[in-house]
Amino acid sequence: MKLEGKGIDKEILDTKNTLTNFSNSILKHYGVSHFHSTIKEVDVALKGHKKVAVFLFDGASEYNLSLYPKTNRFLLSHKLKTIHSVNPATTVACTTAFLSARFPIETGWLGWSLNFPSFGPVDAFSGKSSYGDKGVNDPLIMKRSAPYTNIIELLQKAGVNAKASNEYPVENLNGPRNYKAAIKQYSSFFSHGGEFLYGYFKNPDKTIHEYGTKSFHTWWQFRKIASFLKRFTKKNPDVLVFSFADHGLIDVITKDLSDYPDIESTLSYPISLDARIPTFFVKKGEESAFETAFQKHLGDDFLLVEKDDIIKMKFFGEGDPAKISLDFIGDYVGISKTNTVLKEYFGNKDKHPLIGHHSGASKEEREILLGVYNL
């Protein structure tokens, strides 16, 4: 399927300048076998540097940075190049792609909500039901079902003093609770023989979800990020620093699939994957009815792609598909063309749609400014 003329930017299929390629450059730099092509500009920047830090600010895409040019002048002025997220442009897929140095199709970490036939959609990170089923609570379900070796482990096995540090309380309860603590912890790591550090921070994503792309709260988060980078790079002039994001966010409008019973009645499971790239498991024999109803209600907002076609497109990246990846992809996938989010609330009147969201096909969500400091 060609995307031209269908409201989708063909660059969405990039597999040469992505988060995956970025981490492959890191592996190559330290002499570790890599899985995919590297990024030339990153390879050149890394040359000759023993100490390297990469800081991922969730949701801080080039578009989101550009909305606050004065506040983000320091970050914008240190741009190395524009790279892309992987598909879909959402935290589960993107951070895993970077940490695994592989594309989502290879790992199975395809999106926020992944459908397990035994109990339906499950949030990948928490292991809890995406729809509030208290009977599903298995935080290790994805690590067991779709295990992968991350780049920190690969580097350590090669003798590199490498460390991953997530902002508290994301996975690591010993992670820094604020930027001041991060500077102290990370500086200590490098002054005691540290060679490679990956630092993850949950903002501005957390804030933009709640307040939108243009708010005082969002501006304040960028102000803190800029201050952190200035202070850390000045304190550690011998550390090559990269700043980047996993994806960006845009302000959205939310539609409830429950408002379209002629679509919902054709499905064997609730929608999963992500809100701007939902996947649909359709009851056998209901395919025609589903397609007709979908085009009637949502055809202007989403490009509907059949499973075989989206795999042939290599939408979820290059490499051998993991079996579980193929299981998680339903009979159809909807790729967003507008700023619409599709949720399924099942008549819940207490729904609280988010103001900002991601996982869509827009450049705003996919283009990432890769910054470099102390070069």
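Residues numbered from 1 in each chain as written. Predicted model: local features only at pLDDT ≥ 70, side-chain atom pairs only at ≥ 80, totals over all residues. Heavy atoms only, no water.

1. Concerning the layout of surface pockets
Vacant regions in the atomic arrangement are exposed by a probe of water-molecule size rolled over the atoms.
Piece 1. Here the largest pocket is characterised by a volume of approximately 1,500 Å³.
Piece 2. Lining the largest pocket are 49 residues, and of these Thr91, Trp112, Asp123, Ala124 and Phe125 sit closest to its centre.
Piece 3. Elements with a contribution of two residues or more to the lining of the largest pocket: helix H5 (91–100), helix H8 (151–157), strand E5 (162–166), strand E6 (196–201), helix H10 (205–211), strand E10 (272–274) and strand E14 (340–343).
Piece 4. Here the residues of the lining of the largest pocket sort into 23 nonpolar, 14 polar and 12 charged. (1 Å grid on protein atoms, 1.4 Å probe; cavity = no way out; pocket = protein on both sides within 12 Å on 5 of 7 lines; lining within 4 Å. Points joined across faces, edges and corners; volume = space filled by probe spheres on them. Helix = DSSP H or I, 4+ residues; strand = E, 2+ residues; numbered from the N terminus. Nonpolar A, V, L, I, M, F, W, Y, C, P; charged D, E, K, R; others polar.)

2. A look at the pattern of salt bridges
Piece 1. Tallied over the full model, the rule gives 11 salt bridges.
Piece 2. Between Glu62 and Lys79 there is a salt bridge; the shortest N-O distance is 2.8 Å. Within this pair, whereas Glu62 is found in helix H3 (residues 62–66), its partner Lys79 is found in strand E2 (residues 79–84), the two being separated by 17 residues in sequence.
Piece 3. With relative accessibility at 38%, the residue Lys79 sits in the partly exposed group.
Piece 4. In this structure, Lys202 engages Glu167 in a salt bridge whose closest nitrogen and oxygen atoms are separated by 3.2 Å. Of this pair, Lys202 sits in the loop between E6 and H10 while Glu167 is found in the loop between E5 and helix H9 (179–191), placing the two residues 35 residues apart along the sequence.
Piece 5. A residue is classified by how much of its surface remains accessible, and Glu167, at 10% relative accessible area, is buried. (Salt bridge = Lys/Arg side-chain N within 4 Å of Asp/Glu carboxyl O. Buried < 20%, exposed > 50% of the residue type's maximum accessible area, 1.4 Å probe, protein only.)

3. Re the sheet that holds E6
Piece 1. In space, the 6 strands of this open sheet follow the order E2-E16-E7-E1-E6-E5, with mixed pairing throughout. Edge positions in the open sheet fall to E2 and E5, since each of these has one partner strand only. Neighbour to neighbour, the strand axes of the sheet diverge by 15° on average, direction disregarded.
Piece 2. One ladder, built from 5 bridges, connects E2 with strand E16 (residues 367–373); its direction is antiparallel. Across the sheet, residue His84 finds its bridge partner in E16, namely Glu367.
Piece 3. Taken strand by strand, H5 contacts strand E1 (52–57), E6 and strand E7 (240–244), and its axis lies near 175° from that of E6. (Pairing = 2+ DSSP bridges. Axes fitted to C-alpha atoms, helices over the stretch in contact; angles between N-to-C directions. Contact = heavy atoms within 4.5 Å.)

4. Describing empty space enclosed by the protein
Piece 1. Taken as a whole, this structure holds 2 cavities of 30 Å³ or more when the rule is applied.
Piece 2. What the largest cavity holds in volume is close to 70 Å³.
Piece 3. Lining the largest cavity are 14 residues, and of these Ile12, Asp14, Asn87, Phe315 and Gly317 sit closest to its centre.
Piece 4. Tallied by class, the residues present in the lining of the largest cavity amount to 7 nonpolar, 5 polar and 2 charged.

5. Side note on helix H13 (residues 287–298)
Piece 1. Compared with an ideal rise of 1.5 Å per residue, which puts 12 residues at 16 Å, H13 spans 16 Å between its outermost C-alpha atoms and is within 8% of the ideal.
Piece 2. For H13, the full list of buried residues reads Phe290, Ala293, Phe294 and Leu298. On an axial view of H13, the arc spanned by its buried residues comes to 105°, and they lie on one face. Of the residues in H13, the exposed ones pointing more than 90 degrees away from the buried face are Ser288, Thr292 and Lys296. (Expected span 1.5 Å × (residues − 1). Arc of directions from axis to C-beta.)

6. Describing the packing of helix H1 (residues 19–29) against H5
Piece 1. Between H1 and H5, the shortest axis-to-axis distance is 7 Å and the interhelical angle comes to 20°. When the interaxial angle is binned, H1 and H5 end up roughly parallel. For the crossing formed where H1 meets H5, the hand is right-handed. Touching Leu19, Thr20, Phe22, Ser23 and Ile26 of H1 are Cys94, Ala97 and Phe98, all from H5.
Piece 2. Its residues assigned to classes, the contact of H1 with H5 shows 6 nonpolar, 2 polar and no charged. (Parallel < 35°, antiparallel > 145°, perpendicular 65-115°, else oblique. Left-handed = near helix turned anticlockwise from the far one by under 90°.)

7. Thoughts on the environment of Arg73
Piece 1. By secondary structure assignment, the location of Arg73 is in helix H4 (residues 73–77).
Piece 2. Since its relative accessible area comes to 53%, Arg73 is described here as exposed.
Piece 3. Between the alpha carbons of Arg73 and Ala226 there is a distance of 8.4 Å; along the sequence they are 153 residues apart.

8. A look at H9
Piece 1. When the terminal C-alpha atoms of H9 are compared, their 18 Å separation across 13 residues agrees well with the 18 Å that a helix rising 1.5 Å per residue should span.
Piece 2. For H9, the full list of buried residues reads Tyr179, Ala182, Ile183, Tyr186, Ser187, Phe189 and Phe190. Buried residues along H9 cover an arc of 155° about the axis, so they all sit on one side. Across H9 from its buried face, at more than 90 degrees, point the exposed residues Lys180, Lys184 and Ser191.
Piece 3. Those residues of H9 hidden inside the fold are in contact with E1, E5, E6 and helix H11 (216–235).
Piece 4. Among the residues trailing H9, Gly193 stands out with phi positive, at a value near 95°.

Worth remembering: the numbers are spatial, not functional.
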